[in-house]
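The primary structure of each chain is shown beneath.
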Amino acid sequence: MVLLNPERINRRGGLERPDPGTPKRPTVVALLLACAVLLVLDLTGPALTPARRLVGEVLGPLESGASTLARPVTSIPDRFHSQSALRRQVGRLEDDNAALRQQVATAGFDRNRLAEYDGLTAAAQNIGYAVVPARVVGYGASQSFSRTVTIDAGTSSGIAPDMTVVNSAGLVGRVLRVTRTTATVLLIADADSVVGGRVGSSMEVGFVHGTGNLGTGDLDLELLDQTEIPAEGDTVVTWGSSKGAPYVAGVPVGVVDSVYANVRDSTQHARITPMVDFTSLDVVGVAVPSGTKSDRAIIDADGRLK
Amino acid sequence: MSGPRIALTAGLITLAVVLQTSVLDSFAWRGIVPDLALLVVVGVALVRGGEFGMVTGFAAGLVLDLAPPADHLAGRWALALLVVGYVAGRVRQDARPGAAPTATTVMATVAACSFVGSSIFALTGVVLRDPAVGIGELLQAIAISLVWDLLLAPLVLPGVMAAFRRLEPTTR
């Protein structure tokens, strides 16, 4: 083997002194054996763990230092990462964001809906009527100037015209028309709506007129007795009609906000802040006579689902 | 072997491994970085001959095997760079005596050594099933690292070789 000859004949036929850098056999064998030993050691057990740790302890700080120093340089390829890649990333993140946002949004929605169902159960107990739960599925357009909503329950759920619609806060309105699966509800905020109201503290009666304004939702209470002046903060409840149509008795309508006298027809009026927020109606209940047949669960007057 | 030479070699190996593991990975192409340590071994072996090349290769490979991100079996890079040192040393041995290797020779050596080194590393992985990769992936890695090494060789090798020549002018 060339490697082992102390001298050799070169290509030009002359005797050549051995290259001082030529590997010697013992060195080669030792190095190869060392490699084999390393492989076997690492293959069979954790014998090299201390060595790895030692090298890591020494080189680790060097590596992190070099990485930090070189960051201005190593970040250059990132800048060349094409716009399309960035755009893809932005798109992906936007998708993620939208999904998460939707989760967050619907989490609040679901929680609120649960609270509304809870409140509805309480409302049913309060007014002493069974209620059919329903959801508001459509608001009447403002340019039609009537304040109506559509709910997703109709005759098949036992709903008929002139039934009282409540939610967990108080009186919402009454049923105008029904189809098999939906019903149109006239909100008490509608300018045409008149509800018989009673001021809770004095049992004074009057008529609650809607003002047609959903945003502030103010109602107007026209009192029959000119001498009784309701106090601010008094609660107004429905006085009710015979057989509970169109309004059952004792449903909270609103709170007296301010009182004023109309000079022209010399009547006492009170501005009523309604209990219900008409702009965010969702779960409502339609008060039905106990024992009504319905295709959905009815919350009975004792708060139980039937 | 003189002290300064060993110190220079150790410094170069450390520098190469540190750069290779921490800086060059940002320039990786399909995750494959240039083999700086291999280039250093080639340069050392081209100047100082096969024996010192083999020892340098073994040392550099050992550091590569044990340096932090490494998780393969220790000894694989040591074996691969050991052979690289031997191959590069043979090139010097076969070159015309007393003459510095030409640029073409150096590049050819780098290509051969890169191929041999990566192949040995990859093949030991296949033999020892550490990690078991497909042949296609393997060939791709070898090819890309060959390209990388050829690209970086003109930047690294002249410096390394000049440093060793100045440190200890060859006696031939």
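Residues numbered from 1 in each chain as written. Chains lettered and ligands numbered in written order. Predicted model: local features only at pLDDT ≥ 70, side-chain atom pairs only at ≥ 80, totals over all residues. Heavy atoms only, no water.

Going by what an unreviewed UniProt entry lists, chain B is known as Rod shape-determining protein MreD and is assigned to Nocardioides terrae. UniProt annotates chain B under Subcellular location (unreviewed entry) with the comment "Cell membrane". In the Sequence similarities (unreviewed entry) part of its UniProt record, chain B is described as follows: "Belongs to the MreD family." (UniProt positions renumbered as here; feature names shortened; annotations may be inferred.)

An unreviewed UniProt entry lists chain A under the name Cell shape-determining protein MreC, with Nocardioides terrae as the source organism. Regarding chain A, the UniProt comment filed under Function (unreviewed entry) reads as follows: "Involved in formation and maintenance of cell shape." UniProt lists a comment for chain A under the heading Sequence similarities (unreviewed entry), and it reads "Belongs to the MreC family."

**Details of the packing of aromatic side chains**
Tallied over the entire structure, the rule returns three aromatic pairs over all chains. Ring geometry for A:Phe207 and A:Trp239: centres 5.5 Å apart, planes at 55°, overall tilted. Within this pair, whereas A:Phe207 is found in strand β9 (residues 204–210), its partner A:Trp239 is found in the loop between β11 (235–238) and β12 (252–262), the two being separated by 32 residues in sequence. With relative accessibility at 29%, the residue A:Phe207 sits in the partly exposed group. Ring plane angle 15° and centroid distance 4.3 Å describe the contact between B:Trp77 and B:Phe121, whose orientation is recorded as stacked. Of the two residues, B:Trp77 is situated in helix α4 (residues 76–94) and B:Phe121 in helix α5 (residues 103–128); the sequence distance between them amounts to 44 residues. The residue whose ring lies beneath B:Arg5 is B:Phe52, and the NZ or CZ to ring-centre distance is 4.7 Å. Note that B:Arg76 overlies the ring of B:Phe121, its terminal NZ or CZ placed 4.0 Å from the centroid. (Phe/Tyr/Trp six-rings, centres within 6.5 Å; stacked < 30°, edge-to-face > 60°. Helix = DSSP H or I, 4+ residues; strand = E, 2+ residues; numbered from the N terminus. Buried < 20%, exposed > 50% of the residue type's maximum accessible area, 1.4 Å probe, protein only. Lys NZ or Arg CZ within 6 Å of the ring centre and 35° of its normal.)

**Describing the pairing of strand β6 (residues 171–178) of chain A**
Residue and element names in this part refer to chain A. The pairing of strand β5 (residues 164–166) with β6 spans three bridges and is classified as antiparallel. Directly across from valine 165, in β6, lies its bridge partner glycine 173. Adjacent in sequence and paired antiparallel, β5 and β6 are bridged by four residues. Across five bridges, the pairing between β6 and strand β7 (residues 183–187) is antiparallel. Each residue of the ladder has a partner; that of valine 178, found in β7, is alanine 183. Between β6 and β7, which pair antiparallel in sequence order, lie four residues. (Pairing = 2+ DSSP bridges.)

**Observations concerning the confidence of the model for chain B**
In the predicted model, chain B carries a mean pLDDT of 81, and the fraction of residues at 70 or more is 85%. The element-level mean pLDDT for chain B is lowest in helix α1 (residues 3–23) of chain B, coming to 83, with helix α2 (residues 36–48) of chain B highest at 88. (pLDDT = per-residue confidence, 0-100.)

**Things to note about a nonpolar patch on the surface**
All names here are of chain B. A cluster of nonpolar residues, Leu123, Val126, Ile135 and Leu139, forms a patch on the protein surface that exposes about 360 Å² of accessible area. Elements supplying a minimum of two residues to the nonpolar patch: α5 and α6 (135–167). Residue position: isoleucine 135 is located in helix α6. Judged by its relative accessible area of 54%, isoleucine 135 falls in the exposed class. (Patch = residues over 30% accessible without salt bridge, like charges linked within 9 Å, V, L, I, M, F, W, Y side chains within 5 Å. Areas by Shrake-Rupley, 256 points an atom, 1.4 Å probe, with all protein chains shown as cover. Salt bridge = Lys/Arg side-chain N within 4 Å of Asp/Glu carboxyl O.)

**Some remarks on the pattern of salt bridges**
All names here are of chain A. Counting across every chain of the model gives four salt bridges over all chains. As a salt-bridge pair, aspartate 282 and arginine 135 come within 3.8 Å of each other at their nearest N and O atoms. In this pair, aspartate 282 sits in the loop between β13 (267–274) and β14 (283–288) while arginine 135 sits in strand β3 (residues 130–139), placing the two residues 147 residues apart along the sequence. By relative accessible area, aspartate 282 is classed as buried at 10%. When its relative accessible area of 30% is taken as the criterion, arginine 135 is described as partly exposed. Arginine 174 is the partner of aspartate 162 in a salt bridge, and the nearest nitrogen-oxygen pair spans 3.2 Å. On the criterion of sequence distance, the pair formed by aspartate 162 in the loop between β4 (148–151) and β5 and arginine 174 in strand β6 is long-range, its members being twelve residues apart. Of the residues examined, aspartate 162 reaches a relative accessible area of 35% and is grouped as partly exposed.

**Overview of the sheet that holds β13(A)**
Residue and element names in this part refer to chain A. Strand order in the closed barrel made by the six strands is β8-β9-β10-β13-β12-β11, with antiparallel pairing throughout. Across this sheet, the average inter-strand angle for adjacent strands is 45°, counted without regard to direction. Pairing analysis gives four bridges linking strand β10 (residues 219–223) to β13, with the strands arranged antiparallel. Directly across from aspartate 220, in β13, lies its bridge partner arginine 271. (Axes fitted to C-alpha atoms, helices over the stretch in contact; angles between N-to-C directions.)

**A closer look at α2(B)**
All names here are of chain B. Counted at 1.5 Å a residue, the expected span for α2 with its 13 residues is 18 Å, and the 18 Å between its end C-alpha atoms agrees. Of all the 13 residues making up α2, 13 are buried; the element is thus mostly covered by neighbouring parts of the structure. Just beyond α2, the residue with positive phi is glycine 49, at close to 95°. (Expected span 1.5 Å × (residues − 1).)

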